[in-house]
Amino acid sequence: MIRPNLAWRSVAVLSAACLALTACADDAEETPNAGSSSAATAVGDGTLKLGTLLPQTGSLAILGPPEIAGVDAAVTEINAAGGVLGKPVVVSHTDSGDTSTDIATQSVNKLLAEGVDTIIGAASSSVSLSVIDKITGAGVVQFSPANTSDEFTNYNDKGLYFRTAPPDTLQGRVLGDLIIQDGSAKVGLLVMQDSYGVGLAKSTRAAVEGAGGQIVAEAVYDPKAPDFSAEVDQIKTANPDAIVLIGFDEAQKIIPKLVEAGLTTDKKKWYFVDGNLSNKYNFPAGTLKGAKGTLPGAAANQAFKDKVLKEDPQLADFSYAPESYDAVMLTALAAEAAGSDAPAAIAANLKAVSEGGTKCTDFATCLTLVKSGTDLDYDGISGPVSFNDAGDPSEATIGIYEYGQDNKYTNVDYKSGKI
C-alpha cells in the first residue's frame, strides 16, 4: 500500500500474532484501480465541516438511520462541549444510494463543493470504492463506519482513508467458527456479487474449511436480479446443513424463496451478516426463529442508545451507530490535537488520538486532555478503535445474534481479537 504523504505511515503489515478467533489476511496486493500517489491539498478555515455519505436509499438503506443518528449524536455532544477549535461543528447529510445509481458521485461532488474536511461514509464497500479516488484525490479525509471489504487495507488512499469497522477477515472467521460450533458440516453460501459479498464469502469459506467443514455450494447472485429461484435451487440441490446469506436487503426476496423450497429454519440453520441483519423484516412470525447472524461492534450501553434515539426516535436497531459516532469523535479530537481542521492535519493525528495515551471516552474529558497538552487515547462505543498503519482498527469485536419467534434479533455473545 502506498501512503507517501504521512511520515508515520508505511506499507501495512498484518500482525503475525493473530488470536484464535482471527484470521491473518492474505499477502497484500496492490489494488488495480488504486489512484495516483499524489493528492490535492485541502486547507482548513477554522470550522470543522463534516459531510455524510450514508444510505438513505438503495439496497443498504436499512443501515442509514442508525449511522446518521450516530453522527448527529456525536455532533450534538461535541457542540455542547464548545465545539472544535472554539466553533460548532457543521454537518451536511447526503445520500450514498447504491452501486446501481450515480447518487454517490453526485453527493460527493456536492460535499466537496461545500468544502467539507471529512466525509463520513460510505456504508457500502462497493460504493466507497467508486468514490474513494475522488475524495482522497481532492485531499479530503474519507472515514467509513461500515466498510468491511479487505480491499481497503492495501488501497492507495494517500493516507486519507480510515474506518472504524474491521475488515472481513475477522467477521468471516467468527462466522465460520460459529457455523462449525453449531454442528454444521456442510454449508451453502448465497453471496451477493460485489467486493463485500465475495470478500466475506472468501473469509467464511476459509474458516469453515479450516475447521474441517465443507462448502457444498456457493451461489453468487446479482442483487438487482428480479428473481433468485435458480440460486435457491442450487443450494437446495447441494443439501447443506447450514445456509449463509451474505448480502444486503435483497434478503427480503431470497428468504421467501428459501421457505417455498422447504429450506426453513426448523430444517436448516440460517446465518445472516452485517449487511442484512435487520429487525425490520416483515415475515410471518417464526420465519426467522433460530437464525443467527454476525455484526461488527461491541455492546452499546443504554446511555448511548438513549443518545441516538433522541436524534431518531424511530430507530429499530443500532447497527453501525457506534462506529459512526466514534468516527466523528475521532475526527474532532484529531482536529483539536492538530490545532487545525485541514484534512491532512486531521489524518496525521487520527492514529495518535486513538492509542497510547491517557484513556478517555467522552469529548469533554478528551478535549480537556488535548488542551492541557496530554497525549490521549480515545476508547469508543464500538471498541478501543486503535488504528494500525493501514487506517484499520487494530482490534475489534464481532457480536453474535439470534432471531426469536417475533423475527427480532438479540445478542447472544461477543468475540474480540486482534486483526
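Every value quoted in this text rests on a predicted model; they were computed, and no experiment measured them.

Reading the values: the criteria
Residues numbered from 1 in each chain as written. Predicted model: local features only at pLDDT ≥ 70, side-chain atom pairs only at ≥ 80, totals over all residues. Heavy atoms only, no water. 1 Å grid on protein atoms, 1.4 Å probe; cavity = no way out; pocket = protein on both sides within 12 Å on 5 of 7 lines; lining within 4 Å. Points joined across faces, edges and corners; volume = space filled by probe spheres on them. Helix = DSSP H or I, 4+ residues; strand = E, 2+ residues; numbered from the N terminus. Nonpolar A, V, L, I, M, F, W, Y, C, P; charged D, E, K, R; others polar. Phe/Tyr/Trp six-rings, centres within 6.5 Å; stacked < 30°, edge-to-face > 60°. Buried < 20%, exposed > 50% of the residue type's maximum accessible area, 1.4 Å probe, protein only. Pairing = 2+ DSSP bridges. Axes fitted to C-alpha atoms, helices over the stretch in contact; angles between N-to-C directions. pLDDT = per-residue confidence, 0-100. Contact = heavy atoms within 4.5 Å. Disulfide = S-S within 2.5 Å. Salt bridge = Lys/Arg side-chain N within 4 Å of Asp/Glu carboxyl O. Polar contact = N/O pair within 3.5 Å; in protein donor to acceptor, adjacent residues only side chain to side chain.

A short note on the layout of surface pockets
Item 1. One number sums up the size of the second largest pocket: a volume of about 290 Å³.
Item 2. The wall of the second largest pocket is formed by 19 residues, among which L295, K305, F318, Y401 and Y414 lie closest to the centre.
Item 3. Residue assignment for the lining of the second largest pocket shows that the elements contributing at least two residues are β10 (292–296), α9 (321–338) and β14 (409–418).
Item 4. By residue number, the principal contributor to the lining of the second largest pocket is β14, which donates four residues.
Item 5. Split by residue class, the lining of the second largest pocket holds eleven nonpolar, five polar and three charged.

Considering the packing of aromatic side chains
Item 1. Here the structure, examined in full by the defined rule, presents twelve aromatic pairs.
Item 2. With a centroid separation of 4.8 Å and 15 degrees between ring planes, the pair formed by F152 and Y161 is classed as stacked. The same class applies to F152 and to Y161, which are both buried.
Item 3. Their ring planes at 70 degrees and their centres at 5.4 Å tell us that F162 and F387 sit as a pair that is edge-to-face. Within this pair, whereas F162 is found in strand β5 (residues 161–163), its partner F387 is found in the loop between β12 (376–378) and β13 (395–403), the two being separated by 225 residues in sequence. Across the pair, F387 and F162 agree in class, each one buried.

Some remarks on the sheet that holds β14
Hydrogen bonds along the backbone pair up the strands of a sheet, which may run parallel or antiparallel.
Item 1. Strand order in this open sheet of seven strands is β7-β6-β8-β9-β10-β13-β14, and the pairing throughout is mixed. Taken across any chain shown, the strands that pair with only one partner, and hence form the sheet edges, are β7 (214–221) and β14. Each strand of the sheet is rotated relative to its neighbour by a mean of 20 degrees, with strand direction disregarded.
Item 2. Alignment of strand β9 (residues 269–272) against β10, held across two bridges, turns out to be parallel.

As for the confidence of the model for the protein
Item 1. On average, residues of the protein score 91 in pLDDT, and 91% of them reach the 70 mark or higher.
Item 2. pLDDT under 50 marks residues 1–37. Its contacts with residues more than four places away, or in other chains, come to 91 contacts.

Let's talk about the state of the cysteines
Item 1. Here the structure, examined in full by the defined rule, presents one disulfide.
Item 2. The disulfide partner of C360 is C366, and the S-S distance across this bridge is 2.0 Å. Negative torsions about the S-S bond denote left-handed disulfides, and the value of about 110 degrees found for C360 with C366 makes this one right-handed.
Item 3. Its relative accessible area of 3% is what places C360 among the buried residues.

Some points on the pattern of salt bridges
Item 1. Under the definition given, this model contains 17 salt bridges.
Item 2. K351 is the salt-bridge partner of E355, the closest N and O atoms lying 2.7 Å from each other.
Item 3. By relative accessible area, E355 is classed as partly exposed at 29%.
Item 4. Here D413 makes a salt bridge to K415, at a shortest N to O gap of 3.5 Å.
Item 5. Look at D413 and you get partly exposed, because its relative accessible area is 31%.
Item 6. Owing to a relative accessible area of 29%, K415 belongs among the partly exposed residues under this scheme.
Item 7. Here the salt bridges do not stand alone but share partners, grouping R205, E209 and E218 into one network.

Here's the deal with the sheet that holds strand β1 (residues 49–54)
Item 1. The strand order across the open sheet formed by five strands is β2-β1-β3-β4-β5, and the pairing between neighbours is parallel. One side of each edge strand has no neighbouring strand; the edge strands of this open sheet are β2 (90–95) and β5. Here the average twist between neighbouring strands, direction ignored, is 20 degrees.
Item 2. Pairing analysis gives three bridges linking strand β3 (residues 118–121) to strand β4 (residues 141–144), with the strands arranged parallel. Among the inter-strand pairings, T118 is bridged to a residue of β4, identified as V141.
Item 3. Across the face of the sheet, helix α2 (residues 103–114) comes into contact with β1, β2 and β3 while running at roughly 160 degrees to β2.
Item 4. Packed on one face of the sheet, helix α3 (residues 125–137) meets β1, β3, β4 and β5 and runs near 155 degrees to β4.

Comments concerning unusual backbone geometry
Item 1. In the segment running from G121 into A122, the intervening peptide bond is cis, with an omega of 0 degrees.
Item 2. If you check the backbone angles, L85 has positive phi at about 55 degrees while not being a glycine.
Item 3. Inspection of the secondary structure assignment puts L85 in the loop between α1 (64–80) and β2.
Item 4. A positive phi angle, close to 65 degrees, is found at Y320, a residue other than glycine.
Item 5. Residue position: Y320 is located in the loop between α8 (302–311) and α9.
Item 6. Since its relative accessible area comes to 1%, Y320 is described here as buried.

Looking at the pairing of β14
Item 1. With nine bridges joining them, β13 and β14 adopt antiparallel strand pairing. Within β14, the residue paired with A396 across the bridge is G417.
Item 2. Count of turn residues in the β13/β14 antiparallel hairpin: five residues, of which N407 carries a positive phi of about 65 degrees.

Some words on the side chain of N147
Item 1. Relative to the assigned elements, N147 resides in the loop between β4 and β5.
Item 2. Here the side chain of N147 touches Y161 through a polar contact of 2.8 Å, side chain to side chain.
Item 3. The contacts of N147, once residues within four sequence positions are left out, are A122, A123, S124, S125, S128, F152, Y161, R163, A165 and P166.

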